[in-house]
Amino acid sequence: MIKDLEDKNFDIEKCVNSLNDNGYLILKNLISLEEVKNVQKYIDSLSIGPKERITSDNHPFLLEISNNKKVLKIASAFFKENAAPVQGLLFKYPTQQEIHQDTVHFSTFPRDLMLAAWVALEDITIDNGPLEYIQNSHLIPSFSHYEFPSRHTNRNKNNKNYNKQYVKEISQLIEKLRLKKSFFLAKAGDCFMWHPRLMHGGNQTPKEELTRYSYVTHYMATKTPIYFKHFGGFNFIPRLQSPKNINNRKKLYKFGAISMIKRLIKLL
Ligand SMILES: O=C(O)CCC(=O)C(=O)O
């Protein structure tokens with residue numbers, strides 16, 4: 001764990017090692033309290049209820065966080081190619097999001113070419129729905145049979161319980177392997193980055209009347225990966241996605257057979 005990341009101590013290799021070894025990385029005081037206050041004010045001007053979120057709002061305060069230089073450098077070093085922010089999620093209240101791996105929502109081929117950086121926009125205690133994560137779960141090769149490409153994929157839009165089934169299987173696996181849960185208890189401005197396979201979610205039993213201001217950005221590698229969409233579509237037919245850079249809403253790559261074939265050829 002990197003405890004304090006002043007510029008003089010900024011060591012990208014250590015950061016990437018922490019993601020690979022521990023499954024996460026803590027960047028204390030990534031943003032200033034002034035920035036935190038500005039974003040809080042902005043959140044208060046919006047209407048965000050419990051368990052609601054705003055996706056990829058391009059307000060300059062939010063883009064400033066998503067484009068944090070340290071985070072982008074770490075993500076690019078982790079991917080070994082340039083990273084771009086492809087989604088931002090803004091919350092005012094605890095999410096109670098069930099435990100999952102981000103790879104089920106952002107499935108890339110080759111795998112693991114995405115990352116997340118979560119920023120506390122107020123102090124986070126056990127009461128206001130901290131982010132929770134399952135220790136060492138990133139070391140499990142991949143909980144991949146819900147992802148594409150896999151001949152075992154369970155994707156099927158006729159299966160309405162698909163997400164429920166996924167969540168149940170994940171929790172059974174955690175129990176079976178006796179993996180332990182931890183919480184990210186943070187000070188406003190602290191950031192938690194996690195490995196694409198680290199199982200995580202929002203604490204399930206918060207005091208729901210409390211706020212939990214937070215902002216999370218998801219990043220993808222820009223050059224290599226092909227990106228698939230899950231939870232829907234037909235079995236065995238990949239649903240290709242075209243991620244957009246949230247800064248300019250431009251596609252990271254041209255969607256279409258030619259650009260896909262070019263990407264595939266590069267992988268051979
Ligand atoms: O903020 C949370 O409670 C959960 C966020 C999350 O799971 C995600 O962004 O993938």
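Residues numbered from 1 in each chain as written. Predicted model: local features only at pLDDT ≥ 70, side-chain atom pairs only at ≥ 80, totals over all residues.

1. Overview of the sheet that holds strand β3 (residues 83-91)
To keep it simple, the criterion reads: Strands were regarded as paired on the criterion that DSSP finds at least two bridges between them. What counts as a helix is a DSSP run of H or I of at least four residues, what counts as a strand is a run of E of at least two, and both are numbered from the N terminus. We call two residues in contact when the distance between their C-beta atoms, placed using the backbone, is within 7 Å. Angular values range over 0 to 180 degrees, each being the angle between N-to-C directions of two axes fitted as lines to C-alpha atoms, with helices fitted over their stretch in contact.
In spatial order, the strands read β1-β8-β5-β10-β3-β2; together these 6 strands make up an open sheet with antiparallel pairing. What marks the edges here is a single partner per strand, and that holds for β1 (24-27) and β2 (54-55). Across 4 bridges, the pairing between strand β5 (residues 114-120) and strand β8 (residues 191-194) is antiparallel. Residue Ala116 lies in a different strand from β8, and its bridge partner there is Trp194. Contacting β1, β3, β5, β8 and β10 (214-221), helix α4 (residues 69-79) crosses the sheet at an angle of about 125° to β3.

2. So, the packing of helix α1 (residues 12-22) against α4
Spelled out, the test is: Roughly parallel means an angle under 35 degrees; roughly antiparallel means over 145; roughly perpendicular covers 65 to 115; every other angle is labelled oblique. A crossing counts as left-handed when the near helix is turned anticlockwise from the far one by less than a right angle, and as right-handed when that turn is clockwise. For this classification, Asp, Glu, Lys and Arg are treated as charged, while Ala, Val, Leu, Ile, Met, Phe, Trp, Tyr, Cys and Pro are nonpolar and the rest, including Gly, are polar.
Across the interface, α1 lies against α4 with an axial gap of 9 Å and an inter-helix angle of 65°. In this view, α1 runs roughly perpendicular relative to α4, as classed from their interaxial angle. For the pair α1 and α4, the sense of crossing is right-handed. Residue-level contacts link Ile12, Cys15, Val16 and Leu19 of α1 to Lys73, Ile74, Ala77 and Phe78 of α4. Looking at the contact of α1 with α4 residue by residue, the class counts come to 7 nonpolar, no polar and 1 charged.

3. Regarding the site of the ligand
Quick reminder of the rule: Put plainly, near means the residue's C-beta atom, positioned from the backbone, lies within 6 Å of the molecule or strand in question.
Neighbouring the ligand are the residues Leu89, Phe91, Thr95, Gln97, Asp102, Ala116, Leu131, His200, Gly201, Gly202, Ser214 and Val216. Take the shell around the ligand: its biggest share by element is 3 residues, from strand β9 (residues 200-202). Broken down by class, the residue content of the shell around the ligand amounts to 5 nonpolar, 6 polar and 1 charged.

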